[in-house]
Amino acid sequence: MFFRYVSYHYLKNMFIILLGLTGLFTGLDFLMNASSLDSFNIKVLYAFSKWQESLNLLYPLSIILGAIWTKMAFIKQNKVASFYALGLRRVDFFKPFFTVGILCYLIFVGLNFTSFSLAQDTAKMVKKNSYSSSKTQDLFFKYNSSFVYIGTLIPEERKLENLTIFKMENSMVVETLIAKEAKFNIDKWIASDVIKKSKIVREGKEYLKIEHLDILETLSGYEPKILKSIYDGKELTLQDTLRAKKLLENQGISTDGLRANIYSKIITPLFSIALIVILIFKFPFYARYMNMALSTTKALGGTLAIWGILFGLQSIGANGTLNPELAIVLPIALLWGYSIYILLTSRDRV
């Protein structure tokens, strides 16, 4: 009964704050950009996409701000003192907040495995009126011991045009494979009518050998959306981000941006749960023992300051200025270490 009562009030407050924050974010953005959108349907789609983006960005704040609101309201109404008078401990009061916060976190992490995580790119394409199709031009990258040039990538059609593969040996080009078009099939690209030019040596002389291949299978694992994301900076679902990270690691290419993206969706939101621990166990339970206005201001200010610092560190990790593990994972680990210390030293105190 107690668990359900506290959970209900916490979930209600969290939901109100989340709607308020995301509504403000979406409304301000819509006011600035609505004039550049063509039709009513486009405006609705743009606003909905921005709202999804704001949900993903602001839900950790809602988790902790909802807890602050609920805790302060209970203290002001002397409900916390009543709970403790009935024999409940701080850890019992903490359980509903922890459970609801973790469930909310898991829901949004799960949503990031779906197209929900692509809302920011959807809004950009709607705004530029390029939602139906998009192309990426002039891609050049490493693939195993070769280098690859792609003239045009069309992800929606799972097609690329003007493919050239340069095979290298001892920093020299020894073979080129040229195809006008290639299609992606299951997990690799298949090109037809390929011109193969290779250097051969006969009797101490070098010759250029030209052949025609009917079929060429190449670029295993380079899915169209992964290619576009890597070279256009587009968003990916968490599942595709993990696959792209593995692919680039196998090619010896830096994965700082991808790792930062993964950590920002899985690790960073956990700061809200750690702050709930600190809030529940550090704040007094009786209004007479605290200055409500000052305590609320400190809680809100501290939360926003920590969120801002973590957001800045996330950007630093994404651009490679600092290792993502140091910029994102370490601060969250330190915050959790402190919250666990608070939990262990204060759990039996009233």
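Everything below is about the structure printed above this text.
Computed from a predicted structure; not experimentally measured.

Conventions adopted
- Residues numbered from 1 in each chain as written.
- Predicted model: local features only at pLDDT ≥ 70, side-chain atom pairs only at ≥ 80, totals over all residues.
- Heavy atoms only, no water.
- Pairing = 2+ DSSP bridges.
- Helix = DSSP H or I, 4+ residues; strand = E, 2+ residues; numbered from the N terminus.
- Core = buried A, V, L, I, M, F, W, Y, C linked by side-chain atoms within 4.5 Å.
- Buried < 20%, exposed > 50% of the residue type's maximum accessible area, 1.4 Å probe, protein only.
- Contact = heavy atoms within 4.5 Å.
- Axes fitted to C-alpha atoms, helices over the stretch in contact; angles between N-to-C directions.
- Parallel < 35°, antiparallel > 145°, perpendicular 65-115°, else oblique.
- Left-handed = near helix turned anticlockwise from the far one by under 90°.
- Nonpolar A, V, L, I, M, F, W, Y, C, P; charged D, E, K, R; others polar.

K.L.:
Tell me about the pairing of strand β3 (residues 159-169), residues and numbers included.
P.N.:
Pairing geometry for strand β2 (residues 146-154) and β3, over 8 bridges, is antiparallel. Note that in β3 the partner of Ser146 across the bridge is Lys167. Hairpin connection, β2 to β3: the antiparallel pair is bridged by 4 residues, and Arg158 has positive phi, about 50°. Across 10 bridges, the pairing between β3 and strand β4 (residues 172-185) is antiparallel. Note on β4: the bridge partner recorded for Ile165 is Leu177. Between the antiparallel neighbours β3 and β4 lie 2 residues, among them Asn170 with a positive phi of about 55°.

K.L.:
Explain the nonpolar core to me, and be specific about the residues and the numbers.
P.N.:
Within the largest apolar cluster, 51 residues are counted, with the highest numbers of intra-cluster contacts made by Tyr10, Tyr59, Ile63, Phe93, Phe97, Ile276 and Phe281. Among the elements that take part in this core, helix α2 (residues 40-76) stands out by supplying 12 residues, more than any other. Excluding residues that lie within four positions of it along the chain, Tyr10 makes contacts with Ile63, Gly66, Ala67, Thr70, Pro96, Phe97, Val100, Gly101 and Ile276. Among the nonpolar cores identified, the runner-up in size contains 26 residues, and Leu139, Leu160, Trp189 and Ile226 belong to it.

K.L.:
A description of the packing of α2 against helix α4 (residues 90-111) should follow, citing residues and the corresponding values.
P.N.:
Contact geometry of α2 with α4 gives a least axis separation of 10 Å together with a crossing angle of 165°. Here α2 is positioned roughly antiparallel relative to α4, judged by the angle of their axes. Seen along the crossing, α2 lies across α4 with a hand that is right-handed. Residues Leu55, Tyr59, Ile63, Ala67, Thr70, Lys71 and Phe74 of α2 form the contact with α4, whose participating residues are Phe93, Phe97, Gly101, Cys104, Tyr105, Phe108 and Val109.

K.L.:
Give a detailed account of the packing of α2 against helix α10 (residues 292-318), specifying residues and quantitative values.
P.N.:
Taken N-terminus to C-terminus, the directions of α2 and α10 make an angle of 165°; their axes are 11 Å apart at the nearest point. One way to sum up the angle between α2 and α10 is to call them roughly antiparallel. For α2 against α10, the interelement crossing comes out right-handed. Contact residues: α2 offers Leu57, Leu58, Leu61, Ile64, Leu65, Ile68, Met72, Ile75 and Lys76, while α10 offers Met292, Ser295, Thr296, Ala299, Leu300, Thr303, Leu304, Trp307 and Phe311. Residue classes in the contact of α2 with α10 are distributed as 14 nonpolar, 3 polar and 1 charged.

K.L.:
A description of the environment of Ala119 should follow, citing residues and the corresponding values.
P.N.:
By the secondary structure assignment, Ala119 is in helix α5 (residues 119-127). Overall, Ala119 belongs to the buried group, its relative accessible area being 3%. Ala119 has contacts with Ser49, Gln52 and Glu53, leaving out every residue within four places of it along the chain.

Interpretation note: all reported values are geometric properties and have no functional meaning in isolation.
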